[in-house]
Amino acid sequence: MNARPPSTAIPGRGPNLNPANRFEPIHVAPDGEWLDAEFAATGSVPHPRTQFFHDATESLLTHHDSPDLGMGWGLNCYRGCEHGCAYCFARPYHDYLGWSSGLEFETKILVKSRAPALLRAELAARKWKPAPILMSGVTDCYQPAERHFRLTRQCLEVLAEFRQPVGILTKNFLVTRDLDLLAELARWQCVAVNLTIVTLDSDLAGKLEPRAARPEHRLRAIKLLADAGVPVGVMVAPVIPGLTDHELPGILAAAAAAGARRAGYVTLRLPYAVKDVFLQWLDDHEPGKKERVLSRIRDLRGGKLYDATFGTRLRGEGIFAEQISQMFEVACRRAGLNREEAPLSTAHFRRPGGVQLELL
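This structure is a prediction, so every number in the text was calculated from the model and none was measured.

A separate point is a nonpolar patch on the surface. Together, Phe23, Phe89, Tyr93 and Tyr96 make up a nonpolar patch on the protein surface, roughly 430 Å² of accessible area in all. Following the sequence through the fold, tyrosine 93 ends up in the loop between β4 (78–79) and α2 (103–107). Judged by relative accessible area, which is 43%, tyrosine 93 ranks as partly exposed.

This is the structure in structure tokens:
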């Protein structure tokens, strides 16, 4: 009798799971007997390939009015993300495309190939009132696909030409490829970069964020950015209670030593099918800690695994939320973080072409 796979985990991927799409009445799942046969023949479960699709969107900049978030404008060149992070709050966005929040989120990537041209047109429009833009607030603008498509770099070229302020949030060392453009934007107080670090444990990071840069490379990216004069900080996002929360002081200290000057954090969020994906990850990689993690999450979320209430959804509430907040504040003071503001400026914004362009 063939042995069943001891774990559903696929090397280099997030949880081997495609939760049902909440907008679709039909859910397709692999046949169990076929999976058993594949495992018996190869010793592993099938490894899906990444597919790329053209996104024919006619607009690029998006606006939000959430009181929990900072910059009101967002720019995303990709939909879906190859990093495969088990905790990614953006996974449910793939439901709107008729796909799944699970493996399909990280293997079916929509590429906005016209992003640089759309960005140029929107910034040049007279109705655009200069305001900071976040790149990317949903999926990572430096995910592996960027090495080939280079859309983030092309958008940065447009932003530098307009001297348009932008904040960048990433967990990929690839951001250092664009040091020339980032340094140019920094000259005009038009850029701030934040590296996301969830854990300093490289093995754990490899399971949580299988296709993202390892923690040591993110710290090296912080140093290179700081040395180039680019304002850089660290985002501990998410803090996973019962699993990574104890690392918060160490992450902040390491980031500050590398050159970070500002820091922030977000507590784990499990909206919609993210809950199913993360629970599967716990079963695959940390079954012994599962109950402790879920218990802490419920303590933070009023007895539930997620609460979408504005004002508390990013930090949680209750005694454990207060402990994390106090730990963060103390660690920031010790590391010398958040001692000064570094606001982005729109004072130098310009529309290339001058008066002639304004007449159009």
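This part is about the environment of arginine 298. Tracing the sequence through the fold places arginine 298 in helix α11 (residues 290–300). Taking C-alpha positions, arginine 298 is 10.0 Å from proline 241, a pair spaced 57 residues apart along the chain. Aside from chain neighbours lying at most four places away, what touches arginine 298 is Gly303, Lys304 and Leu305.

The element strand β7 (residues 166–170) is largely enclosed, with a buried count of 4 among its 5 residues. Across 3 bridges, strand β6 (residues 133–135) lies against β7 in parallel orientation. Residue pairing in the sheet places isoleucine 133 in a bridge with valine 166 of β7. Pairing between β7 and strand β8 (residues 191–196): 5 bridges, direction parallel.

The next subject is the sheet that holds strand β5 (residues 108–111). One open sheet holds the 3 strands; their spatial order is β1-β5-β4, and the pairing between them is mixed. The open sheet is flanked by β1 (51–54) and β4, the only strands paired with a single partner. As paired strands, β4 and β5 are joined by 2 bridges and run antiparallel to one another. Within the sheet, the bridge partner assigned to tyrosine 78 lies in β5 and is valine 111.

The next point concerns the pattern of salt bridges. In this structure the tally under the stated criterion is 17 salt bridges. Here arginine 91 and glutamate 106 are joined by a salt bridge, their closest N and O atoms 2.9 Å apart. With arginine 91 in the loop between β4 and α2 and glutamate 106 in helix α2, this residue pair connects regions lying 15 residues apart in the sequence. One exposure class covers both arginine 91 and glutamate 106, and it is buried. The shortest N-O distance in the salt bridge between glutamate 209 and lysine 171 comes to 3.9 Å. Placement of the pair is glutamate 209 in the loop between α7 (202–208) and α8 (215–227) and lysine 171 in the loop between β7 and α6 (179–187), with a sequence separation of 38 residues. Classification of glutamate 209 as buried rests on a relative accessible area of 1%. Residue classification places lysine 171 among the buried residues on the basis of a relative accessible area of 10%. Among the charged side chains, a network of salt bridges with common partners joins Glu146, Arg153, Glu157, Arg177, Asp178 and Asp180.

Cut-offs and rules
- Residues numbered from 1 in each chain as written.
- Predicted model: local features only at pLDDT ≥ 70, side-chain atom pairs only at ≥ 80, totals over all residues.
- Heavy atoms only, no water.
- Patch = residues over 30% accessible without salt bridge, like charges linked within 9 Å, V, L, I, M, F, W, Y side chains within 5 Å.
- Areas by Shrake-Rupley, 256 points an atom, 1.4 Å probe, with all protein chains shown as cover.
- Salt bridge = Lys/Arg side-chain N within 4 Å of Asp/Glu carboxyl O.
- Helix = DSSP H or I, 4+ residues; strand = E, 2+ residues; numbered from the N terminus.
- Buried < 20%, exposed > 50% of the residue type's maximum accessible area, 1.4 Å probe, protein only.
- Contact = heavy atoms within 4.5 Å.
- Pairing = 2+ DSSP bridges.

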